[in-house]
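# Architecture and fold: a report
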Amino acid sequence: MPTEAPSVSPATGPTTPTNQPTGRPSTALHWLEDVPAAATGVTWGVPWARGTLAPDTPIGLRTAGGTPEPVQTWVTATWPDGSVKWTAHAAAPTAPTDSYVLEAGTQPPEPSSAVDVRETDDHVLVDTGVIRVRVPRTGAHLVSEIETGGRVVARAGRLVSLLADGPDDDGPRPRAPFTSRVRAATVEQAGPVRAVLRIDGVHREDGGAREWLPFTVRLYLYAGSPTLRLMHSFVWDGDAERDFLAGLGVRFEVPLREQPHDRHVRVAGSAGGFLTESVRGITGLRRNPGGDVRAAQVAGRPTPPVGDWAPAVADRLHWVPTWNDWTLHQGSPDGYTVRKRTADGAGWVGIGGGTRAGGYAYLGDTSGGLELGLRDFWKGAPTQLDVRGATTDTGELTVWLWSPESRAMDLRFFHDGLGQADYADQLDALEITYEDYEPGYGDAHGIARTHELNLTAVAGTPSSAALAARAAALATPPLLVADPDRLHSAGVFGDWAPVDRSTPARAAIEDRIDFLLAFYLDQVEQRRWYGFWDYGDVMHTYDADRHTWRYDVGGYAWDNSELSPDLWFWLSYLRSGRADVFRFAEAMTRHTGEVDVYHAGRFAGLGTRHNVQHWGCSAKQLRISNPSYRRFYYYLTADERVGDLLDELAASERALLNVDATRKVRGDVYSPDPAALSVGLGTDWGALAATWLTRWERHADTVARDKVLGTMADIGALRRGFLTGEARLDLATGRFDTSPERVRVSHLSAVFGLVEVCSELIDLADVPGFEEAWLQYCRLYLADAATQEAAVGQALTGISLIQAHSRLSAYAAGRDGDADLAAFAWRRFFVDSGDMVNVNALCRERHWARTRVDGPGVLEPVDEAPFVSTNDASQFGLAAIQNLALIGDYLEESAPDWLTG
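What counts and how
Residues numbered from 1 in each chain as written. Predicted model: local features only at pLDDT ≥ 70, side-chain atom pairs only at ≥ 80, totals over all residues. Heavy atoms only, no water. Helix = DSSP H or I, 4+ residues; strand = E, 2+ residues; numbered from the N terminus. Rg over C-alpha atoms; globule rule 2.2 N^0.38 Å. Buried < 20%, exposed > 50% of the residue type's maximum accessible area, 1.4 Å probe, protein only. Pairing = 2+ DSSP bridges. Axes fitted to C-alpha atoms, helices over the stretch in contact; angles between N-to-C directions. Left-handed = near helix turned anticlockwise from the far one by under 90°. Contact = heavy atoms within 4.5 Å. Nonpolar A, V, L, I, M, F, W, Y, C, P; charged D, E, K, R; others polar. Phe/Tyr/Trp six-rings, centres within 6.5 Å; stacked < 30°, edge-to-face > 60°. Lys NZ or Arg CZ within 6 Å of the ring centre and 35° of its normal. Salt bridge = Lys/Arg side-chain N within 4 Å of Asp/Glu carboxyl O. Lys, Arg positive; Asp, Glu negative; His and termini not counted. Polar contact = N/O pair within 3.5 Å; in protein donor to acceptor, adjacent residues only side chain to side chain.

### Let's talk about the overall build of the protein chain
Across its full length, the protein chain holds 22 helices and 37 strands. Scaling as 2.2 N^0.38, a compact globule of 901 residues should have a C-alpha radius of gyration of about 29 Å, and the protein chain matches this with 29 Å. Overall, the protein chain is about 105 × 70 × 60 Å in size when its C-alpha atoms are taken along their principal axes. Looking at the protein chain as a whole, 60% of its 901 residues are labelled buried.

Here it is in C-alpha cells:
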C-alpha cells in the first residue's frame, strides 16, 4: 500500500523567502550574440537561488552605464518555500547596448509609449505607440488591420492552406482551398512593455464544411516597436492515406495607393542582400528619366512629379510594363528561384536565384507597406514567398510554410513490410532492422509544428539596410542571457558546473565534449538535416560502409531524443554560454517537442521512439514526451508555446491506459488498469516526475505536488526501491502500490532524464526513504556481483551503458564524500572493465579525429567519425558534465595515462 505523502507545499510553506539576504540581488546580462543593430523587443528568463527573492519584489533593469530601462517582469517558477525560482522579463530598448543589469528591489520606469490594450466583445485593439493592431474575436482573420502613421498598411491577415486528395505521384492533383476560422482570441499579457494575444482556431474549406488543422497563433507586440511577432503552431489531424497538405501559408492584404513606379517589392536573397524592384521600373530604359528620378525609385523614396521627368520617358510611361506578381520558391535547403509576371495568365520571367534565401519580403509603396518574414525559411524547406496583385489597389503578401509549388505533403507510413505480423514476428523483425513495427502505429495524426514569423508595418518603403537589420533579427532573435557562473549559482537543473580547464585531465575531457559538439553542429549542415518535419533532429547511428547515417534502417534513423541528446546540448549551453550550442538546442527543442510528440488523438501525451519517420515507431512512450527536454528553453526564454507543451502533459500518466509501451516484451499478461497502472520506475516515472515537478513550480499546482511527493514516498517505501523496476499506480489516488519486492533492472531506466530529475527532487524536498532508494540504485548498478548479491540477494542482470551509468556512482560518491567510490566512478567512466557488456565505443577510441571522405564513393564530401553514435555521444557528454561537477576533484589521480598523453 502507498505510504502517507509528505507535506511539503508552497501553499502551506513560508509566504516570504527564508534566509533573505541583505542588499539587492542583481544579475548581469549580455546578448547571446551581437548587440542588435536596431531597436528590438526581447523576452528572457533568469533563475534565482532559493530564498533570495520574494514573489512581489520589484525588479528594475539598467544599462551597464546606469541608465534605467523599462522592463516588464513576471514569475515563471517558485521554490517550495514560496521564494522565486525563475522570473521572465520583457524589454524594448530603443538603443540597445552591450550589457545590462537586473536589480531586485528597484522599481522600473514606465515606457515612454506603453503598450495599450483595449478589449471589446468583438475585437482586441493593441497600440504600441508606433503601430495599432486590430484582432477580431472570431471570423476568418487573425488580424483585421495594422495601422501606422495614421494609415492602414496591412489588413485581412489570415492562414491559408491547400488540400489534395491524393499524392502527386503522377502529377499535381486538384487543390481545395481552406482559410483560417478563428474561434477565440484571448489577451494573455497586456503591457506595459509587452502584450501577448492568443488566437485559437481551425482551417475551414472555402465554401465547404470540413474543418481540420487546429492552430494556435500568438501575437507579440512591444512598446515603441513597429514589429509584430507571430508564433504559429498547428496540429496535423488528417488521415495520411487520403489527406495531402499541398500548401500552408500566412497571407496579408496590403493597400496600394501610389502610382506603379512608386510601389515597391523587396525580397531577401542568400547573403543579406535584397532584390530591389518596383511595380513599374524606370531604370534601364532606352531613355533616361533623370538621375534623381532613378535614384529615388531605387532607394524607395517618392519620385518627383512625372511632369518633371525627361519628356522622352514621361510621354511614353504608359508603354513601360507593370509587374503584378513575384514568387520566390525555396524548394530545398540549397536552392531558390525567383520569377515575376505582369498579370495572371501571362508568362513568367525568370529573375534568377541562389542558395538559401533569407525568407523576408516587403510589399508597399512610398506611403507605407508591410514587411513579412519566416524564421528558418530555408532550413524548413519547401517554403515560398508570393507577392500578388501589386498593380491593383490591394496587393497580397504570402509566406508559405509549405510551398504549393512543391509536391503535396505525404505522411503515409513509409512501408508495410510486416503486414499484419503478430508480436512474435514483429520482435523477430526488430532483431534485423531495429524497427519496432506494429500495424496502425506508424501514424502521424496528432503531431505538430511551430513556425516563427515577424511582421513590420512601415510608413514608407524601408531602406535596404533597415530591411537587412530586421531580417537578421528574425533569423537570430536577440536574447539577453546571464553567464554560466550566475546560472550555476542559482542551483537549477541539477548537477553541472561551468567549463573548467584548470587541470590537464579536465581540459582533455572538455576537449572531447567540444569535439562531439562541433561534430554534430557540422553534421547538420553536411548531412542536410533540414526540412519541414526534420529540422532540429539528428540521426541515431552511423553506417561506416556507406559513409552515411542510417537514415533508411528502421530504428537507427532519426533519433527522437533517444538517450537524451536534448539534455546534453542544454547542459552544454548552461556551462559554456555558447550561442551556437544554444541555437542547436533551441532547434532540437522546437522539433522534439512538436514533431516527436502527439498532441491529439489516441497517442496524445506520448512520444515516438526513433525511426525512419519521426512518427513511424510503434513504441509510443513517455520517455520521448518527457518535459525535462523542454524545461530549459521555457525558463530561459519564457516561450509560451513551450509552456503549452509542458501543460499538455499535466495528466500524461493517463496516456498509459491507451498504450502499454512494453507490451511486446512483458513477462506477464497485462491490461491497463486505472487502479493498478503499470509504471516503469525509470523512463516512465522519470518523465512523470518531471511533468509534476514542472507544474508544481510553475503553477503551485497542489495536485501535481502531491503526485510527485507521494510517489517519491512510495518509491522510498518499496523494499527494493528503484531496483523494483516497476510499480502499479492508482490513477484515483496518484499513488503506487508499495507491496512488490522483486528486483528488475533496465539499462535504459536512468538515461532519459531520471538522473537529472532525481537530483533536483532530492534537493527540493526531504521525502523519507527516497534519497536512500536512489542512492542504493546509484551504488549498486555498477557494483560487482558479490556486492549486489549481498545487498539485495541476487546479482543484477542486463547491466550495460557503463560509461553513462558512471554518473550514478559519482552521485553517490559526491553525496557520501566517498573517495574510493569516486575513483571507481572515474574508472567506469573510462571503462576499465572488459567483462562488462556493451562497452561504449567512445571509451575504446583513444584518439578522436574526423576523417574527410570524398570522391565517387559518396554523394557529397563529408566528415565522419564512425566511432560516434548519438546514444554514446549524448551519454558521454552527460556523464562527463555530471562527473566533473560531482567528483571533479578526484579526477587527476583517476585519469588514465592515455587521456592526456
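Past the structure itself, the notes keep going.
### Observations regarding the pairing of strand β25 (residues 383-388)
The side chains of a regular strand alternate between the sheet's two faces. Within β25, five of the six residues are buried, which leaves it mostly tucked inside the rest of the structure. Pairing analysis gives five bridges linking strand β20 (residues 325-332) to β25, with the strands arranged antiparallel. Among the inter-strand pairings, Gln-330 is bridged to a residue of β25, identified as Thr-383. By the bridge criterion, five bridges tie β25 to strand β26 (residues 394-402) in an arrangement that is antiparallel. Looking at the pairing, Leu-385 lines up with Val-399 of β26. Turn length for the β25-β26 hairpin, with the two strands adjacent in sequence and antiparallel, is five residues, and the turn residue Gly-389 shows positive phi of about 70 degrees.

### A few points about the packing of helix α14 (residues 754-764) against helix α15 (residues 770-780)
Running from N to C, α14 and α15 cross one another at 145 degrees; their axes reach a closest spacing of 10 Å. Helix-helix and strand crossings are classified by hand; for α14 and α15 the assignment is left-handed. Across the interface between the two elements, Leu-754, Val-755, Cys-758 and Ile-762 of α14 pack against Phe-770, Glu-771 and Trp-774 of α15. Of the residues that constitute the contact of α14 with α15, the class distribution is six nonpolar, no polar and one charged.

### Side note on the packing of aromatic side chains
Applying the stated rule across the entire model yields 51 aromatic pairs. Residues Phe-515 and Phe-867 carry aromatic rings whose centres are separated by 6.3 Å and whose planes lie at 15 degrees to one another, so their mutual orientation is stacked. Placement of the pair is Phe-515 in helix α6 (residues 504-526) and Phe-867 in the loop between β37 (862-864) and α20 (870-887), with a sequence separation of 352 residues. By the burial criterion, Phe-515 is buried, and Phe-867 matches it. Looking at Arg-609, its charged tip hangs above the ring of Tyr-434, at a distance of 4.5 Å from the centre.

### Comments concerning the side chain of Gln-875
Tracing the chain through its elements places Gln-875 in helix α20. Those residues within four positions of Gln-875 in sequence are excluded, and the remaining contacts are Leu-563, Ser-564, Val-751, Ala-804 and Arg-807.

### Considerations on unusual backbone geometry
In this structure, the amide linkage connecting Gly-191 to the following residue, Pro-192, adopts the cis form with an omega of 15 degrees. Relative to the helices and strands, Pro-192 resides in the loop between β13 (175-190) and β14 (194-205). The omega angle of the peptide bond from Ala-381 to Pro-382 is 10 degrees, so this bond is cis rather than trans. Here Pro-382 lies in the loop between β24 (368-374) and β25. A positive phi is found at Asp-376, a non-glycine position, where the angle reads about 55 degrees. Relative to the helices and strands, Asp-376 is located in the loop between β24 and β25. Not every positive phi belongs to a glycine, and Tyr-434 is a case in point at roughly 60 degrees. Note on placement: Tyr-434 falls in the loop between α3 (423-433) and β27 (448-458).

### Section: the sheet that holds strand β1 (residues 26-31)
Spatial ordering of the open sheet is given by β4-β3-β7-β1-β28, a layout of five strands whose pairing is antiparallel. Among the strands making up the open sheet, the edge pair consists of β4 (68-69) and β28 (480-481). Judged from the five bridges that link them, β1 and strand β7 (residues 99-104) form a sheet pairing that is antiparallel. What sits directly across from Thr-27, in β7, is Leu-102.

### Brief notes about the pairing of strand β15 (residues 211-222)
Of all the 12 residues making up β15, 10 are buried; the element is thus mostly covered by neighbouring parts of the structure. Two strands pair when backbone bridges link them, and β14 and β15 are joined in this way by 10 bridges, in the antiparallel orientation. Note that in β15 the partner of Val-196 across the bridge is Tyr-220. Hairpin remark: β14 followed by β15, antiparallel, with five residues in the connecting loop; positive phi at Gly-207, about 75 degrees.

### Details of the sheet that holds strand β33 (residues 677-680)
Within the open sheet, the three strands sit side by side as β33-β34-β35. Their pairing is antiparallel. If you trace the sheet from one side to the other, it starts and ends with β33 and β35 (735-736), each paired once. Examined bridge by bridge, strand β34 (residues 726-730) and β35 share two bridges and lie antiparallel to one another. By the bridge assignment for β35, Leu-729 is matched with Phe-736. Packing against the sheet, helix α12 (residues 683-699) makes contact with β33 and β35, and its axis sits at approximately 90 degrees to β33.

### Describing the pattern of salt bridges
Between side chains of opposite charge, pairing is possible as soon as their charged atoms come close. Under the defined criterion, the tally for this structure stands at 73 salt bridges. A salt bridge links Glu-253 to Arg-158; the nearest nitrogen and oxygen atoms lie 3.8 Å apart. Taken as a pair, Glu-253 in strand β17 (residues 244-255) and Arg-158 in strand β12 (residues 151-164) lie far apart in primary sequence, 95 residues in all. We note that Glu-253, like Arg-158, is buried. A salt bridge links Asp-863 to Arg-852, with the nearest nitrogen and oxygen atoms 3.0 Å apart. Placement of Asp-863 in strand β37 and of Arg-852 in strand β36 (residues 851-853) is noted, with a sequence separation of 11 residues between them.

### Details of the side chain of Lys-620
Position of Lys-620 among the secondary structure elements: in strand β32 (residues 620-621). In this structure, Lys-620 is buried with no salt-bridge partner, the nearest side chain bearing the opposite charge being Asp-443 at 7.9 Å. Here Tyr-598 takes part through its side chain, which lies 2.8 Å from a polar atom of the side chain of Lys-620. Here the side chain of Lys-620 touches Thr-608 through a polar contact of 3.3 Å, side chain to side chain. When sequence neighbours within four positions are dropped, the list of residues in contact with Lys-620 reads Tyr-441, Tyr-598, Phe-603, Leu-606, Gly-607, Thr-608, Trp-615, Val-659 and Ala-661.

All quantities given are derived from atomic positions and should not be read as evidence of function.
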